[in-house]
Amino acid sequence: MKIYLDYIFFENLVVNLVIIFQTSMFTKSNSKKRYMLLGSLIISIYTVITYILKNSIVENIVIKIIVIGFAIYLVFNPKSIKEYLKKQIYYYIISFTYVGIIISITLLFQISIEKTIVKILIYIVSAGISYLFNKYLWKLWKTNIKNESLTYKLEIHGQEILAFVDTGNDVYDYANSLDVIFMDNKFFEILNAKKLLNQKTNIIIRTVASEDYITGYIVNDVKIYKNKTEINHLNKIVICFSNQTINVNNKYNALISYNLYLEKLKGATL
């Protein structure tokens, strides 16, 4: 029985690690690996206890939801009830997808899972399929982004500038590994007067027909807000001033790159 319980524990640990990892990845959470492991351990230990006790109270669905909820809270440390509930919903969606793929593979190909090595292989293959499936759903979600979710406010050493996400902009400073923001030229004198434009860098702009270089300025301490809430505090970022007027909807004078929106501003989550 001890070996059997060991197998149950190991299998659940692997499955929950995959689910929690994908939940963290697709919700763009900065969860530490040790907390992911701890959360998976908690759920796996609970599962083993239900096998040992075979008690209706222990196996109660409410108790299971509480245990999973505690593990999710521990892993993701949500800052609000809304965020906490979202993480739970994402966890269950990915969980149903992953477990469903495991079951489908074994039934479709009539695979016997009595051998441990076969189970592990199925878990690995199913994890890959689950990732691709959820990534596809995530891309579908990105195509339905509303314009109001693409607007932000920049604060650069006291100067506030309204910015809009340019979904077709993938410009990046690869030499310094920094994101790039394009800004209306009228802010050049304002930021220069604050002595913020002392460090220059060359930014490559690639088009279908040519490749050009423009001057960028590395600026420190840029805060980005959404609905008066600080979304990110970037230590460094590159600002390029456009020769053409940037005035989106007569309101927004800066353009945020799509990559910055996705990776740093928690845009387009699953």
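From a predicted model like this one, the values you see are computed outputs, not experimental measurements. (Residues numbered from 1 in each chain as written. Predicted model: local features only at pLDDT ≥ 70, side-chain atom pairs only at ≥ 80, totals over all residues. Heavy atoms only, no water.)

### Things to note about the side chain of Ser44
Operational definition: Numbering of helices and strands runs from the N terminus; a helix is a DSSP stretch of H or I covering at least four residues, while a strand is a stretch of E covering at least two. In this description, contact between two residues means that some pair of their heavy atoms is separated by no more than 4.5 Å.
Tracing the backbone shows Ser44 in helix 2 (residues 33-53). For Ser44, the residues in contact, after removing those within four places along its chain, are Phe9, Asn12, Leu13 and Asn16.

### Details of a nonpolar patch on the surface
The criterion, for reference: Within this analysis, patches are made of residues with over 30% relative accessible area and no salt bridge. Like charges are joined at 9 Å or less; nonpolar side chains (Val, Leu, Ile, Met, Phe, Trp, Tyr) at 5 Å or less. For every accessible area listed, the method is Shrake-Rupley and the probe measures 1.4 Å; residues are considered covered only by the protein chains on display. By convention in these notes, a salt bridge is any Lys or Arg side-chain nitrogen within 4 Å of a carboxyl oxygen on Asp or Glu. Working definition: with a 1.4 Å probe on protein chains only, accessible area under 20% of the residue-type maximum means buried, over 50% means exposed, and in between means partly exposed.
Nonpolar side chains collect at one region of the surface, where Ile61, Val62, Ile63, Ile65 and Ile66 lie side by side and expose about 440 Å² of accessible area between them. Locating Val62 in the fold gives a position in helix 3 (residues 61-76). Val62 sits in the partly exposed class, given a relative accessible area of 48%.

### Side note on the nonpolar core
Note the threshold: The definition of a nonpolar core used throughout is a set of buried Ala, Val, Leu, Ile, Met, Phe, Trp, Tyr and Cys residues joined through side-chain atoms within 4.5 Å.
One finds Leu154, Ile156, Met183 and Ile256 to be the most contacted residues of the largest nonpolar core, which totals 40 residues. Looking at this core, the elements that each hand over two or more residues are strand 1 (151-156), strand 2 (159-166), strand 4 (178-184), helix 6 (187-193), strand 6 (211-226), strand 7 (229-242), strand 8 (254-257) and helix 7 (258-263). When residues in this core are grouped by element, the largest group, six residues, is from strand 7. For Met183, the residues in contact, after removing those within four places along its chain, are Leu154, Ile156, Ile161, Leu191, Ile239, Cys240, Phe241, Ser242, Ile246, Asn253 and Ala254.

### Topic: the layout of surface pockets
This is how the line gets drawn: Cavities and pockets were defined on a 1 Å grid built over protein atoms only: a cavity is a set of grid points that admits a 1.4 Å probe from which the probe cannot escape, a pocket is an open set flanked by protein on both sides within 12 Å along at least five of seven lines, and lining residues are those with an atom within 4 Å of any such point. Grid points are joined across faces, edges and corners, and a volume is the space filled by probe spheres set on the points. Three classes are used: nonpolar for Ala, Val, Leu, Ile, Met, Phe, Trp, Tyr, Cys and Pro, charged for Asp, Glu, Lys and Arg, and polar for all others, with Gly counted as polar.
Roughly 760 Å³ of internal volume is contained in the second largest pocket. Along its surface, the second largest pocket is lined by 28 residues, and Asn12, Val15, Thr47, Lys64 and Val99 are the ones closest to its centre. For the lining of the second largest pocket, the secondary-structure elements that each account for two or more residues are helix 1 (2-26), helix 2, helix 3, helix 4 (81-108) and helix 5 (116-142). The biggest single contributor to the lining of the second largest pocket is helix 4, with eight residues. Of the residues in the lining of the second largest pocket, the class split is 18 nonpolar, six polar and four charged.

### Details of the pattern of salt bridges
For the coordinates displayed, the defined rule picks out four salt bridges. Across the salt bridge formed by Asp179 and Lys264, the nearest N and O atoms sit 2.8 Å from each other. Here Asp179, found in strand 4, pairs with Lys264, found in the segment after helix 7; they are 85 residues apart in sequence, far enough to count as distant. We classify Asp179 as buried; its relative accessible area is 5%. Its relative accessible area of 32% is what places Lys264 among the partly exposed residues.

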